[in-house]
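Descriptive structure summary
Chain by chain, the residues:
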Amino acid sequence: MDFIDWDFIVSRAPLFWAAAKLTVKLAVGGILLAAALGFLCAVARFYRIPVFNQIAYFYIELARNTPLMVQLFFLYFGLPRLGLVWEGQTCAIVGLTFLGGAYMAEAFRGGLAAINRNQVESALSIGLSRIQTLRYVIAPQALAVAWPAISATVIFLMKETSVFSIVALPDLMYVAKDLLKEGHSGETNLLLILSYLTIILPVSLFFGRMERRLRFAGFGS
Amino acid sequence: MSLGPDILKIKDLKKNFGSLAVLKGLTLTVRQGEVLVIIGPSGCGKSTLLRCLNGLEPVQGGQIIFGGQYLTDPHINWSRTRQRIGMVFQNYELFPHLTALDNVLLGLIRVQKRSKTEALAIAERWLTRVGLWDRRGSFPRQLSGGQKQRVAIVRALALEPEIMLFDEVTASLDPEMVREVLDVIVNLAKDGRTMLIVTHEMAFAKAVADRVIFMDEGLIVEDAKPEVFFENPATERARRFLNIFQFSDIHKPQEPSASPLAKEAQDVKESNDAKESNDAKDSKEPELS
Ligand SMILES: Nc1ncnc2c1ncn2[C@@H]1O[C@H](COP(=O)(O)OP(=O)(O)OP(=O)(O)O)[C@@H](O)[C@H]1O
Ligand SMILES: [Mg+2]
């Protein structure tokens, strides 16, 4: 094949490999934190914990209705004016957590909303504490229901990492933009697509498998 | 009949939902080993009473004293107290993501912190007793209503509560499954367990009750021995309530109409029921004394 410059691809692959590692690192950090934040918000809303419930509501609306790029802009260029200087990686993880937490909260909340509140009483009646009730009775059921939404959120957030280059991080998009200056746009595009596929496809397959397992786990009807 | 000391005292209990007064100063004492059947028209506060006893509803006034402890004390440790008060709900409320066995084990292991072996032994003993040890691996959705309710009863009993609360535990069951659940409860009564039972099954109430509590509009209107209550209720309200049941009993068989013949069959059935309930009482008394 003549129209693909394989030498170019082979020689530039290590650049993409390094950038992919950075993307994965930031994505994993941001998504895990987002899941934790989202779970807390969802619980605050499910149990209607005063004050936290309202805070969670406003946070969710704020985060979901502004683009990640704008959020990152604020963290990277706005915060320093308030005297808070964060490096690019911190901004990226905080930004992804901020955005993702809201989507995760909505995903978990959907799962929690599907659980009959009598389940809480039934769990309390055998002496489980509120935390144990959440841990052993409510969360497992909610997670099974919320799984498809959680998996969609994870994949959405992985794709959102492609805007990190605006805070000067050498991630996949950054490397690709850099290489485009040398021409070879076809090869660069190919490398970029392959890199994202290599990262996201396994995650997608994993979540799909888990979803089927949860669905056939013997409950959920 | 020899009963133990007072185990539960309810004094002037008041419960409101907003401006709606549901319990209006209810007073009741239960002795150890007693079986109380609570009946009364829909909305009179039966479920609310049981829920207050288990701390599922905050109360607005009065006292509940259970085994010397004030349940109306706002600082009470409910987790510890609820282990001593077993509750069974109308709709079973088994945990759908856990097998029958794990439903029973959860409280034993997580609440009572028993070892797995110990918890298993207890669960086996109870599930065997209600004939469901074979089904221990089944998830709730794979069980019939009657089986689910038996698991729910065992889940509460396994924690060795001092009193059991049953809230219309057969109301959601198909008729053919009512019996298997009521049999379990009758057996518990024979063991001398203290129980508060809300039910609309009058034949069962007659058979199992030491005392019948008739509630109306948030108060206890009658508190009597079942023989007395069912044969000769003291109040007009109770009489009217019981009449409704006799009427609905007659129409229960799905006959096109209540023909004289059907009525006759019903009468025979009723006298059989009465005989059965006497039998149940006879066999129960020696074990309680
Ligand atoms: N959470 C609640 N909020 C507001 N009102 C309630 C609530 N729970 C119960 N009530 C009201 O309190 C009254 C008593 O209800 P409760 O469920 O105790 O009646 P019940 O005697 O158990 O009736 P049933 O035989 O129909 O089960 C009813 O008028 C009901 O509408
Ligand atoms: Mg009720």
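Residues numbered from 1 in each chain as written. Chains lettered and ligands numbered in written order. Predicted model: local features only at pLDDT ≥ 70, side-chain atom pairs only at ≥ 80, totals over all residues. Heavy atoms only, no water.

A full pass over the atoms with the stated rule returns 19 salt bridges over all chains. Residue Glu 57 of chain B pairs with Lys 15 of chain B through a salt bridge whose shortest N-O separation is 3.6 Å. Here the residue Glu 57 of chain B occupies a position in the loop between α1 (46-53) and β4 (61-66), and Lys 15 of chain B occupies one in strand β1 (residues 6-17), the gap between them amounting to 42 residues. As far as the burial class goes, Glu 57 of chain B and Lys 15 of chain B line up, both buried. Arg 211 of chain B serves as the salt-bridge partner of Glu 34 of chain B, at 3.0 Å between the closest nitrogen and oxygen. A residue pair is termed long-range when its members are at least 10 positions apart, and Glu 34 of chain B in the loop between β2 (20-31) and β3 (35-39) and Arg 211 of chain B in strand β9 (residues 211-216) qualify at 177 residues. Salt bridges sharing partners connect three or more residues here, namely Glu 121 of chain A together with Lys 15, Arg 51 and Glu 57 of chain B. (Salt bridge = Lys/Arg side-chain N within 4 Å of Asp/Glu carboxyl O. Helix = DSSP H or I, 4+ residues; strand = E, 2+ residues; numbered from the N terminus. Buried < 20%, exposed > 50% of the residue type's maximum accessible area, 1.4 Å probe, protein only.)

A separate point is the site of ligand 1. All names here are of chain B. Among the 13 residues in the neighbourhood of ligand 1, the closest are listed as Ser 42, Gly 43, Lys 46, Ser 47 and Thr 48. For ligand 1, an oxygen atom lies 3.3 Å from a polar atom in the backbone of Cys 44. Contacts to ligand 1 include Thr 48, whose side-chain N or O atom sits 2.5 Å from an oxygen atom. Every element with two or more residues in the shell around ligand 1 is listed here: β2 and α1. When residues in the shell around ligand 1 are grouped by element, the largest group, three residues, is from α1. Looking at the shell around ligand 1 residue by residue, the classes come out as five nonpolar, six polar and two charged. (Near = heavy atom within 4 Å. Polar contact = N/O pair within 3.5 Å; in protein donor to acceptor, adjacent residues only side chain to side chain. Nonpolar A, V, L, I, M, F, W, Y, C, P; charged D, E, K, R; others polar.)

On average, residues of chain A score 90 in pLDDT, and 96% of them are at 70 or above. The least confident element of chain A is helix α7 (residues 172-180) of chain A, whose mean pLDDT is 88; the most confident is helix α2 (residues 52-64) of chain A, at 96. (pLDDT = per-residue confidence, 0-100.)

We now examine the packing of α7 of chain A against helix α8 (residues 185-215) of chain A. Residues and elements named next belong to chain A. In contact at an axis separation of 9 Å, α7 and α8 are set at 170° when each is read in the N-to-C sense. Judged on the interaxial angle alone, α8 and α7 are roughly antiparallel. Across the interface between the two elements, Leu 172, Met 173, Ala 176, Leu 179 and Leu 180 from α7 touch Ser 185, Thr 188, Leu 192, Ser 195, Tyr 196 and Ile 199 from α8. Classifying every residue of the contact of α7 with α8 gives eight nonpolar, three polar and no charged. (Axes fitted to C-alpha atoms, helices over the stretch in contact; angles between N-to-C directions. Parallel < 35°, antiparallel > 145°, perpendicular 65-115°, else oblique. Contact = heavy atoms within 4.5 Å.)

Taken together, the contact between chain A and chain B spans 20 residues of the former and 23 residues of the latter. Between chain A and chain B, a total of about 2,000 Å² is buried, with carbon and sulfur atoms accounting for 57% of that surface. For the chain A face of the interface with chain B, the top three residues by lost area are Ser 125, Ile 126 and Tyr 136 of chain A, together amounting to 30%. Linking chain A to chain B there are one salt bridge. Here Arg 51 of chain B makes a salt bridge to Glu 121 of chain A, at a shortest N to O gap of 2.6 Å. Counting every contact that joins chain A to chain B gives 11 residue pairs in polar contact (both at pLDDT 80 or more). Elements with a minimum of two residues in the side of chain A that touches chain B: α5 (118-125) and α6 (130-160) of chain A. Considering each element in turn, the side of chain A that touches chain B owes the most residues, seven residues, to α5 of chain A. Of the residues belonging to the side of chain A that touches chain B, the class tally is nine nonpolar, 10 polar and one charged. (Buried area = accessible area lost by both parts, 1.4 Å probe.)

This part is about the sheet that holds strand β6 (residues 85-88) of chain B. Residue and element names in this part refer to chain B. Strand order across the open sheet formed by six strands is β6-β7-β8-β3-β9-β10, with mixed pairing between neighbours. Pairing within the sheet leaves two strands with one partner each, and these edge strands are β6 and β10 (219-224). Between one strand and the next, the sheet's axes are offset by a mean angle of 20°, whatever the strand orientation. Sheet analysis places strand β7 (residues 163-167) next to strand β8 (residues 195-198), joined by four bridges and oriented parallel. Across the sheet, the residue bridging to Leu 165 is Leu 196, located in β8. Strand contacts of α1: β3, β6, β7, β8 and β9, with the helix running at about 150° to β7, the strand carrying the most contacts. Across the sheet, helix α5 (residues 145-157) is in contact with β6 and β7; its angle to β6 comes to roughly 170°. (Pairing = 2+ DSSP bridges.)

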